Amino acid sequence: MAHLLLVLKHDQGLRRLTWHNAHKILNEEFTSAMETLADVNRLEYLEIKFLLISCKEREEALIKVISNATNLRVLNLSDCDLQHQLVLSDGFIEALASSNIRELCLSENKLGNKVLTAITRVLKAQQPNIKLTSIDISENCIDVDGLLEFAESLGTVMSNHSHSTILRKLTADYNVRSCEEQEIVLKVFSALVREISVKGISNYSNFAEFEAQM
């Protein structure tokens, strides 16, 4: 961990950081790393996967990075055990809305429809100059009604937007359960998103395992 902090502080060429499988890292170590990232403000790409961010100290440290890292363009928080309280918090929403992040991945966090509420708030806060253009919300236990309500919200935002579409890419794989639901979602989003992926749960490579997780 000490070596990582030295790299974060002194590597002037560091633009990308991928941090996986750090389940045993202490809260103070994670906080120190996040504070260093916020201070150096060089990263353009940050990927944190399989690292539990489900306590107040880690959540606050993450929000600080998002708020301060003005060069950050891609943020991947896949499978980080993110909680509803974090993604719906004013601090998280405001940090994302004021950031320069273009691509956001919140996949595999089992956030349900609440993740769509959070994204809608971010997009509305960024009007009329929306920066967030690519979103991945795969494997979040989102139902078809939530996706259709999200589409309606996007349509409202788009009415105040100068471009024909808001999002360049939306990935919402392994949420809907049937081919019928998949077709409905694809049709509704076709006018709102340039590129959309909505693979059904039945396409999952290990369907039985996925069903057990739901």
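Predicted, not measured: the structure shown is a model, and the values here were computed from it.

Caption draft 1: Quick look at the pairing of strand 6 (residues 167-171). The pairing of strand 5 (residues 134-136) with strand 6 spans 3 bridges and is classified as parallel. Residue pairing for strand 6: I135 is matched across the bridge by L170. By the bridge criterion, 4 bridges tie strand 6 to strand 7 (residues 193-197) in an arrangement that is parallel. Bridged to L170 within strand 7 is I196. As for the winding sense of the linkage, the β-α-β connection from strand 6 through helix 8 (residues 179-189) to strand 7 is right-handed.

Caption draft 2: Structural context of the pattern of salt bridges. Using the criterion set out here, one finds 3 salt bridges in the structure. Among the ionic pairs, R121 bridges to D90, the shortest N-O distance being 2.8 Å. Linking R121 in helix 6 (residues 114-126) with D90 in helix 5 (residues 90-98), this pair joins segments that are 31 residues apart in sequence. R121 sits in the partly exposed class, given a relative accessible area of 31%. K169 is the salt-bridge partner of E195, the closest N and O atoms lying 3.9 Å from each other. Of this pair, E195 sits in strand 7 while K169 sits in strand 6, and the two are 26 residues apart along the sequence. Since its relative accessible area comes to 28%, K169 is described here as partly exposed.

Caption draft 3: Quick peek at the nonpolar core. With 65 residues, the main nonpolar core has I137 and F189 as its most contacted residues. Setting aside its immediate chain neighbours within four residues, I137 contacts S107, V115, L116, I119, I142, L147, L170, T171, A172 and N175.

Caption draft 4: A look at a negative patch on the surface. Taken together, the side chains of D143, D145, E149 and E152 define an acidic patch exposed on the protein surface. Note on placement: D145 falls in helix 7 (residues 144-158). Classification of D145 as exposed rests on a relative accessible area of 55%.

Conventions and cut-offs
Residues numbered from 1 in each chain as written. Predicted model: local features only at pLDDT ≥ 70, side-chain atom pairs only at ≥ 80, totals over all residues. Heavy atoms only, no water. Pairing = 2+ DSSP bridges. Helix = DSSP H or I, 4+ residues; strand = E, 2+ residues; numbered from the N terminus. Right-handed = clockwise from strand over helix to strand, strands pointing away. Salt bridge = Lys/Arg side-chain N within 4 Å of Asp/Glu carboxyl O. Buried < 20%, exposed > 50% of the residue type's maximum accessible area, 1.4 Å probe, protein only. Core = buried A, V, L, I, M, F, W, Y, C linked by side-chain atoms within 4.5 Å. Contact = heavy atoms within 4.5 Å. Patch = residues over 30% accessible without salt bridge, like charges linked within 9 Å, V, L, I, M, F, W, Y side chains within 5 Å. Areas by Shrake-Rupley, 256 points an atom, 1.4 Å probe, with all protein chains shown as cover. Lys, Arg positive; Asp, Glu negative; His and termini not counted. Charge placed at Lys NZ, Arg CZ, Asp CG, Glu CD.

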